[in-house]
Amino acid sequence: MAHIHARPPEGAAADWTIPQDWSAYTPQDHGVWDRLFARQAAMLPGRVVPEFLEGLDMLRMTKPGVPDFEELSERLMRRTGWQVVAVPGLVPDRVFFKHLANRRFVAGRFIRTPEQLDYLEEPDVFHDVFGHVPLLAHPVFADYMQAYGEGGLRAERMGAIERLARLYWYTVEFGLIRQDGELRLYGAGIVSSHGESIFALDDPSPNRLGFDLRRLMRTQYRIDDYQQSYFVIDSFEDLLRQTVETDFAPLYRELEGTDDLEADAVLPEDRVYTLGTQERTAP
Ligand code: PHE
Ligand code: FE
């Protein structure tokens, strides 16, 4: 396989970061943020983990307009030592992992247009910042994200990025959690999407299965529609403990001999919260 040594684009630093250039946002840009924010803020209470709402509050993300990354970083730094930095778009895996390992969350700075409120192919600042940043104010989740970055650098050396990417997908992006006997949202891909915030909890279509590290590393995922399966963790502490205390190297090797699982698979050993009808994706 060829190794691609991608270089940062013109105007970006060696670590691929660029200035956010906050003053360049137009009134329309801020208006789009405000509309998206208002819609999610009205819907999420009772659905999302309270830790997310506390993060929004603590970081003063409740004030109107696209957040200024410097202000956000200052608050976040005091709380958990994280920062938010702007990048031009998708960055190479290693660059991404390195930033995470150093407690820097990389975010797109552009925002969708009013015509794209519900669907967008690339993550914009609303997904990246509204979706991901509030939980970075939570000490345990903050540690998980850093550990993930370090794990990414290791996985890269072991040729196991795809396995590790599934862990990110099914936790950081599309994770559910059980709190006081109830399922709640915490994944950024869900909470930044109006439709999926409802679908992931209420729709009969998807499976909702207990988190199992090894199982999840074998599971494919969809990038073109809502998920067919969501995985439910018991707590952030438990997620951190399980992933940090497990050496993934033997796991990666062991999994080399196994087949991947389809995104809608349900196994006899799965802890099933909801057995999905899969009617959304039925032929
Ligand atoms: N324990 C993992 C490893 O051995 C690192 C890791 C921690 C990965 C937390 C993801 C999340 O590679
Ligand atoms: Fe994301």
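Residues numbered from 1 in each chain as written. Chains lettered and ligands numbered in written order. Predicted model: local features only at pLDDT ≥ 70, side-chain atom pairs only at ≥ 80, totals over all residues.

The name that an unreviewed UniProt entry assigns to the chain is Phenylalanine-4-hydroxylase, with the source organism given as Sphingobium cloacae. Database annotation for the chain, UniProt heading Pathway (unreviewed entry): "Amino-acid degradation; L-phenylalanine degradation; acetoacetate and fumarate from L-phenylalanine: step 1/6." According to the UniProt record, the Cofactor (unreviewed entry) comment for the chain reads "Fe(2+)". (UniProt positions renumbered as here; feature names shortened; annotations may be inferred.)

The next subject is the overall build of the chain. Helices and strands together make up the secondary structure of the chain, namely 12 helices and seven strands. On the principal axes, the C-alpha backbone points of the chain span a range of 55 × 45 × 40 Å. Across the 283 residues in the chain, those meeting the buried criterion constitute 37%. In the chain, of all internal contacts separated by at least 6 residues, the share reaching a separation of at least 24 is 67%. (Helix = DSSP H or I, 4+ residues; strand = E, 2+ residues; numbered from the N terminus. Buried ≥ 20, exposed ≤ 12 C-beta atoms within 10 Å, placed from the backbone. Contact = placed C-beta atoms within 7 Å.)

Looking now at helix 11 (residues 236–245). Taken together, the buried positions of helix 11 are Phe236, Leu239 and Leu240. Down the axis of helix 11, the buried side of the element spans an arc of 95 degrees, and every buried residue falls inside it. Contacts from the buried residues of helix 11 go to helix 6 (139–157), helix 7 (161–173) and strand 6 (229–233). (Arc of directions from axis to C-beta.)

To continue, consider the sheet that holds strand 6. Across the sheet, which stays open at both edges, the five strands sit in the order 4-3-6-5-7 with mixed pairing between neighbours. Each edge of the sheet is formed by a strand with only one pairing partner; in this case those strands are strand 4 (182–185) and strand 7 (272–274). In this sheet, neighbouring strand axes are inclined to one another by 35 degrees on average, regardless of whether the strands run parallel or antiparallel. Relative to strand 7, strand 5 (residues 207–210) is paired through two bridges, and the arrangement is antiparallel. Across the sheet, the residue bridging to Leu209 is Val272, located in strand 7. Relative to the sheet, helix 9 (residues 194–202) contacts strand 3 (176–179), strand 4 and strand 6, its axis offset from that of strand 4 by approximately 160 degrees. (Pairing = 2+ DSSP bridges. Axes fitted to C-alpha atoms, helices over the stretch in contact; angles between N-to-C directions.)

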